[in-house]
Amino acid sequence: MEEITDGVNNMNLAVDSQKKNRIQVSNTKKPLFFYVNLAKRYMQQYNDVELSALGMAIATVVTVAEILKNNGFAVEKKIMTSTVDIKDDSRGRPVQKAKIEITLGKSEKFDELMAAANEEKEAAEAAEAQVQS
């Protein structure tokens, strides 16, 4: 009986750790670069990030992934598409929506690029502080 309990506990841990690096993207709630910057932070912390979206937000996820790839921050690991049933209260029946999940990993140049970006940010803040004083 203990073996089964241990197995279930380990299974729950695996599910929890998988979802910590997932970003569920909406196309209306946040600006595009909010997701780009959040994905960079997730890659710093977890080495990879899973971008997920439904329906109209799919274009936003693809754009975020392409920005990260084209700027050298990320490499594509996996792309998965599916269809999910969403309960629509107004129609009273399930509606099918397209879903995409894109997993990105850190590129070889990720840490170098992040360090350079932080140096630029600090230099800009220092220059701004000098102008204000």
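Because the structure is predicted, anything quoted here is derived from the model rather than measured. (Residues numbered from 1 in each chain as written. Predicted model: local features only at pLDDT ≥ 70, side-chain atom pairs only at ≥ 80, totals over all residues. Heavy atoms only, no water.)

As for its placement among the helices and strands, Thr81 is situated in strand E3 (residues 74-88). Taking relative accessible area as the criterion, Thr81 reaches 59% and is therefore assigned exposed. The residues contacting Thr81, other than those within four sequence positions of it, are Lys99 and Ile100. (Helix = DSSP H or I, 4+ residues; strand = E, 2+ residues; numbered from the N terminus. Buried < 20%, exposed > 50% of the residue type's maximum accessible area, 1.4 Å probe, protein only. Contact = heavy atoms within 4.5 Å.)

By the bridge criterion, 14 bridges tie E3 to strand E4 (residues 93-106) in an arrangement that is antiparallel. Bridged to Asp88 within E4 is Arg93. Counting the residues that bridge the hairpin from E3 to E4 gives four residues, and of these Gly92 lies at a positive phi of roughly 75 degrees. (Pairing = 2+ DSSP bridges.)

Turning our attention to the side chain of Asn21. For Asn21, the position within the fold is in the loop between helix H1 (2-19) and strand E1 (22-24). Within the local environment of Asn21, its side chain forms a polar contact with the side chain of Asp48, the two groups lying 2.9 Å apart. When near neighbours in sequence (up to four residues on either side) are disregarded, Asn21 contacts Tyr42, Tyr46, Asp48, Val49 and Glu50. (Polar contact = N/O pair within 3.5 Å; in protein donor to acceptor, adjacent residues only side chain to side chain.)

This next bit is on the sheet that holds E3. Strand order across the open sheet formed by four strands is E1-E2-E4-E3, with mixed pairing between neighbours. Pairing within the sheet leaves two strands with one partner each, and these edge strands are E1 and E3. Taking each pair of neighbouring strands and ignoring which way they run, the sheet shows an average axis angle of 20 degrees. Against the sheet, helix H3 (residues 58-70) contacts strand E2 (48-54), E3 and E4, and its axis sits at roughly 5 degrees relative to E4. (Axes fitted to C-alpha atoms, helices over the stretch in contact; angles between N-to-C directions.)

Moving on to the nonpolar core. In terms of nonpolar packing, the biggest core is built from 24 residues, with Ile23, Leu51, Leu68 and Leu104 touching the most fellow members. Secondary structure elements with two or more residues in this core: helix H2 (32-46), E2, H3, E4 and helix H4 (110-132). In terms of residue count, H3 provides more of this core than any other element does, six residues in total. If we skip the residues at most four places from it in the chain, Leu51 touches Ile23, Ala39, Val61, Val64, Ala65, Ile100, Glu101, Ile102 and Leu104. (Core = buried A, V, L, I, M, F, W, Y, C linked by side-chain atoms within 4.5 Å.)

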